[in-house]
Amino acid sequence: MIKDGEQVTVKVYLFDAVGSVYGTIYRHNGITPVPNAEVHIFNASGDLAFAMTDDSGQYLQGFIPLGSFSVEVFEAATGRRGANSGRIDLAGQEVPVNIVESAIGQVKVNLFAGGDLSPLKGWEVSLSQPLAWGSVTLSGTTGIDGGFSFPGVSIGTFSLNVYSKEGLGSAHADGRITREGEIVDIPMVVNLVKPAKGRIEGWVYQPDGTPADNIQVCFDSECITEVTDVTDESGH
């Protein structure tokens, strides 16, 4: 553990043979450039660089080591993603890597209780999606109508999981986005798990063995739960 005021020595290793990566990011139509997109360059060893596209959707990043690399793009304004890969074989080489973002749609989840089909508010919802450049997971909480929407879901298959923090149940569903702008509605019904309940009963006595009345009984060590009681005249 580092102490306050302690001197720390950090060793930095620089690649002795590097190249550059550049390219243009396009919308799903392959024509419209994307400004202000986040560009992440990495290889099997980890992150190499982060950049942003300019007003013309272009990026340029130097000091990328020789070998294979991947480029992943995320556009925060729309939630669109994309990826491509390349390879630098010679020191000083400039490698073009253009990326066309994936088409996106929207997934709407509606959660209901089994039986009366009443909406389930405050349940946790997660959407996971396997993509060519890695998996993506989105999460949220259902509203008063039992619904939640995931905008910016890339074209392809996805999985939905819902659960209650109180342990009242869970559910799973699968779906697919097939085209740009598609809205997929997923109604989900959960068979609620009723928590098991029991009864605690006993008597409280004074040190001399007589019943202790008007004594507060708590069901934890600090009496901080809402489950309390007071004994009657018989100590019950």
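Residues numbered from 1 in each chain as written. Predicted model: local features only at pLDDT ≥ 70, side-chain atom pairs only at ≥ 80, totals over all residues. Heavy atoms only, no water.

Participant: Please explain the packing of aromatic side chains as it appears in this structure.
Facilitator: A complete count under the given rule lists one aromatic pair for this structure. Ring centres of F148 and F150 lie 4.9 Å apart, and the angle between their planes is 70 degrees; this geometry places the pair in the edge-to-face category. A relative accessible area of 23% places F148 in the partly exposed class. (Phe/Tyr/Trp six-rings, centres within 6.5 Å; stacked < 30°, edge-to-face > 60°. Buried < 20%, exposed > 50% of the residue type's maximum accessible area, 1.4 Å probe, protein only.)

Participant: I keep staring at the pairing of strand β3 (residues 46–52) and nothing clicks. Help me out?
Facilitator: Regular strands place side chains that alternate from one sheet face to the opposite one. Pairing geometry for strand β2 (residues 38–43) and β3, over six bridges, is antiparallel. Across the sheet, residue N43 finds its bridge partner in β3, namely G46. Hairpin remark: β2 followed by β3, antiparallel, with two residues in the connecting loop. (Pairing = 2+ DSSP bridges. Helix = DSSP H or I, 4+ residues; strand = E, 2+ residues; numbered from the N terminus.)

Participant: Explain the sheet that holds strand β15 (residues 183–190) here, please?
Facilitator: Think of a sheet as strands paired side by side through backbone hydrogen bonds, with each pair either parallel or antiparallel. The strand order β12-β9-β15 describes an open sheet built from three strands, whose pairing is mixed. Here the strands that pair on one side only, and so sit at the sheet edges, are β12 (147–154) and β15. Neighbour-to-neighbour, the strand axes of the sheet open up by a mean angle of 20 degrees, direction not taken into account. Direction of pairing for strand β9 (residues 104–113) relative to β12: antiparallel, over a ladder of six bridges. Residue pairing across strands places G105 opposite V153, the latter belonging to β12. (Axes fitted to C-alpha atoms, helices over the stretch in contact; angles between N-to-C directions.)

Participant: Would you mind showing me how to read the nonpolar core here?
Facilitator: What tends to happen in soluble globular proteins is that the nonpolar side chains get buried as a cluster. Counting 20 residues, the largest nonpolar core has V107, F150, F158, L160, I186 and M188 as the members making the most contacts within it. Breaking this core down by element, the ones donating at least two residues are β9, β10 (124–131), β12, β13 (156–163), β14 (170–177) and β15. If you look at the next biggest cluster of nonpolar residues, it comprises 17 residues, including V21, V34, I41 and I64. (Core = buried A, V, L, I, M, F, W, Y, C linked by side-chain atoms within 4.5 Å.)

Participant: Help me out: how do you make sense of the environment of G19 in this one?
Facilitator: Within the secondary structure, G19 sits in strand β1 (residues 18–26). Since its relative accessible area comes to 4%, G19 is described here as buried. When the C-alpha atoms of G19 and G67 are compared, they prove to be 9.7 Å apart, with 48 residues separating the residues in sequence. Beyond its immediate chain neighbours, meaning those up to four positions away, G19 contacts Q61, G62, F63, I64, I88, G92 and Q93. (Contact = heavy atoms within 4.5 Å.)

As far as function goes, none of this settles anything; it's purely spatial.
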